[in-house]
Amino acid sequence: MLAVGAIAFVYTVVMAGGTLTIPLYVLWASQFGFGSLTTVVVFIAYVVGVVGTLLVAGSLSDAVGRRPVLALSLALTALSTVGFALADGLTVLLISRVLSGVATGLITATATSAIAELVRGRRTAAVLSTAANVGGLSLGVVAAGVLAQCVTAPTHTVFWCYLATCAVAGVVWLVIPETANGTADKTADRTADKTAGRSVRWQPRIRRPVLPDGASRVRSFVASGVLVAASSGVNGFFSSLAPAFLRDDLGVSNFAVIGVGVGTLFISALLAQTVTPAALVRRDIGTALLAVGMIVIEAALWTHSAPLFIVGTVFAGAAVGTLFRHGLSVTDALCHPGNRAELTATYFLFLYSGLVVPVLVLGLADQAVGTRASSTMLAALVVSTALVGLVLGRRAESTSTPDTFSRPSTHLTPVEENHE
């Protein structure tokens with residue numbers, strides 16, 4: 001359990017760095033003189049880092065092991081943090097956000113795979129992984145908001161404090177064991193291949209996202225990916241423009257309140273993942289919660305009601321958590337032990353790709369038609385995408401064999417099957 005806790009802690013710390021910037025966008029916008037579209041571009045720089053890393057290095061830890069990739073992710077997080085703390089213009093912000101995205105792209109598949117390899121039972125592993133992932137996101141935005149309200153020079157002090165946390169995570173990393181299945185065998189295979197004059201070292205290149213074996217399993221996986229991509233549109237809104245919306249449209253100027261308001265989404269998602277009974281972690285329930293959340297959030301923006309905004313955020317966060325946990329469970333069930341990180345990376349590719357289009361549409365529309373109309377467009381896009389995923393999921397279930405979902409993968413070990 002010590003090893004699992006250490007991995008979860010490092011995972012949480014790195015994920016917190018992804019949202020630490022959210023309450024500070026309004027300060028940077030004032031300091032460096034940029035508007036909502038530039039804020040979106042800075043956020044998308046993070047997504048580019050994540051998606052690029054998942055495409056190029058999603059399977060890296062399958063080849064070199066989990067520990068080295070976890071260490072690299074933490075080091076890049078620390079480097080990006082120094083960049084944020086010393087930022088004197090937009091260029092440094094963009095570079096730092098890309099580095100933060102690369103760190104996130106490295107750790108998502110790696111830490112999720114490492115936890116799954118140590119924890120007996122797919123559901124337990126999925127809950128722990130999602131708790132570390134979303135727990136880190138919530139802690140980052142709430143802590144940054146509170147600190148920004150309490151300290152001087154928040155755009156510097158917040159990051160120096162976080163850098164100290166990264167140092168603690170570096171110490172914790174020392175107790176993490178190597179968990180990748182077949183690492184020793186792969187090392188022996190490399191030695192044999194070198195003797196034969198062949199090179200099998202991992203090389204950086206854009207890799208085609210992998211899919212599980214079997215048509216019904218592919219449909220189930222893609223359906224979960226589309227649903228989590230839809231929920232990512234909500235994450236994107238809260239991670240980029242929500243603080244400005246809270247300040248300009250709902251009259252909220254306190255950074256701590258902004259941090260908690262945005263953090264409510266991630267906290268609600270975390271609770272949905274950790275306390276919701278497994279029987280309720282379903283596509284249809286997640287889609288229904290998402291639709292209700294977006295409708296209530298829209299009503300809050302049109303009526304300028306901060307309390308209504310929080311209510312909608314709770315529903316939307318529960319949807320994000322439900323759909324994320326469901327998709328991660330499906331992905332883990334379909335993994336082969338030799339490609340766990342690679343398939344998990346494909347799942348996270350769905351997730352982070354779903355951030356780009358909705359947020360970019362929101363940023364462009366905000367300047368063209370205003371806040372309320374642009375947010376309505378975002379809500380319609382998110383809900384319609386989720387409905388597509390729901391339909392795909394039902395088709396997958398209707399065309400699957402009876403044991404497709406009771407025993408989702410032919411590659412499960414006896415231990416994994418017994419702990420389904």
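Provided above is the structure to which this section pertains.
Here is a short report on the structure shown in this document. (Residues numbered from 1 in each chain as written. Predicted model: local features only at pLDDT ≥ 70, side-chain atom pairs only at ≥ 80, totals over all residues. Heavy atoms only, no water.)

Our next topic: the overall build of the chain. Looking only at helices and strands, the chain features 17 helices and 0 strands. Considering the chain as a whole, with its 420 residues, one finds that 55% of them fall into the buried category. Taking the contacts inside the chain whose residues are at least 6 apart along the sequence as the reference set, 86% of them involve residues at least 24 apart. In the structure as shown, the chain presents an accessible area of about 16,200 Å², 67% of it carried by carbon and sulfur atoms. (Helix = DSSP H or I, 4+ residues; strand = E, 2+ residues; numbered from the N terminus. Buried < 20%, exposed > 50% of the residue type's maximum accessible area, 1.4 Å probe, protein only. Contact = heavy atoms within 4.5 Å. Areas by Shrake-Rupley, 256 points an atom, 1.4 Å probe, with all protein chains shown as cover.)

Attention now moves to the nonpolar core. Counting 109 residues, the largest nonpolar core has V234, F238, V262, F309, F348 and Y352 as its most contacted members. Setting aside residues up to four positions removed in sequence, Y352 forms contacts with M15, Y46, V47, V50, V51, L54, T104 and T108. (Core = buried A, V, L, I, M, F, W, Y, C linked by side-chain atoms within 4.5 Å.)

On the surface, L2, V171, L174 and V175 cluster together into a nonpolar patch covering about 420 Å² of accessible area. The residue V175 is located in the loop between α8 (154-173) and α9 (183-195) in this model. (Patch = residues over 30% accessible without salt bridge, like charges linked within 9 Å, V, L, I, M, F, W, Y side chains within 5 Å. Salt bridge = Lys/Arg side-chain N within 4 Å of Asp/Glu carboxyl O.)

As a further point, take the environment of H326. With respect to the element layout, H326 can be found in helix α14 (residues 306-334). With relative accessibility at 13%, the residue H326 sits in the buried group. Taking C-alpha positions, H326 is 8.9 Å from A278, a pair spaced 48 residues apart along the chain. When sequence neighbours within four positions are dropped, the list of residues in contact with H326 reads S224, V281, R282 and R283.

Relative to the helices and strands, T39 is located in helix α3 (residues 36-57). Sequence-distant contacts of T39, that is, excluding residues within four places in its chain, are made with Y25, F34, S240 and L241.

In this structure, P68 sits in helix α5 (residues 66-86). Expressed as a C-alpha distance, the spacing of P68 and T110, which sit 42 residues apart in the sequence, is 9.9 Å.

So, on to the pattern of salt bridges. For the coordinates displayed, the defined rule picks out 4 salt bridges. The salt bridge partner of D248 is R247, with a shortest N-O separation of 2.9 Å. Residue classification places D248 among the exposed positions, given a relative accessible area of 53%. Looking at R247, the relative accessible area reads 38%, which means it is partly exposed. Linking D284 and R282 is a salt bridge whose minimum nitrogen-to-oxygen distance equals 2.5 Å.

We now examine the packing of α3 against helix α15 (residues 340-369). In contact at an axis separation of 9 Å, α3 and α15 are set at 165° when each is read in the N-to-C sense. In terms of axis orientation, α3 runs roughly antiparallel to α15. Seen along the crossing, α3 lies across α15 with a hand that is left-handed. (Axes fitted to C-alpha atoms, helices over the stretch in contact; angles between N-to-C directions. Parallel < 35°, antiparallel > 145°, perpendicular 65-115°, else oblique. Left-handed = near helix turned anticlockwise from the far one by under 90°.)

On to the packing of helix α10 (residues 215-240) against helix α12 (residues 255-275), then. With their axes 10 Å apart at the nearest point, α10 and α12 run at an angle of 155° to one another. With respect to α12, the element α10 is oriented roughly antiparallel. Every pair of crossing elements has a handedness; the one defined by α10 and α12 is left-handed. Contacts from V234, N235, F238 and S239 in α10 reach G261, V262, L265 and F266 in α12. A breakdown of the residues in the contact of α10 with α12 according to their chemical character gives 5 nonpolar, 3 polar and no charged. (Nonpolar A, V, L, I, M, F, W, Y, C, P; charged D, E, K, R; others polar.)

Positive phi is not limited to glycine here, since A153 has a value of about 50°. With respect to the element layout, A153 can be found in the loop between α7 (122-150) and α8. For A153, a relative accessible area of 40% translates into the label partly exposed. The backbone phi angle of H304 is positive, close to 60°, even though this residue is not glycine.

What follows concerns the packing of aromatic side chains. Applying the stated criterion across every chain yields a total of 12 aromatic pairs. Taking the centre distance of 6.0 Å and the plane angle of 80° together, the rings of F221 and F350 count as edge-to-face. Placement of F221 in helix α10 and of F350 in helix α15 is noted, with a sequence separation of 129 residues between them. Here F221 falls in the buried class, since its relative accessible area comes to 0%. Members of the aromatic cluster, connected to one another through ring pairs, are Y25, W28, F84 and F159. The residue whose ring lies beneath R67 is W173, and the NZ or CZ to ring-centre distance is 4.2 Å. (Phe/Tyr/Trp six-rings, centres within 6.5 Å; stacked < 30°, edge-to-face > 60°. Lys NZ or Arg CZ within 6 Å of the ring centre and 35° of its normal.)

What follows is about α14. The first and last C-alpha atoms of α14 sit 42 Å apart over 29 residues, in line with the 42 Å expected at 1.5 Å per residue. In terms of burial, α14 is largely enclosed, as 21 of its 29 residues are buried. (Expected span 1.5 Å × (residues − 1).)

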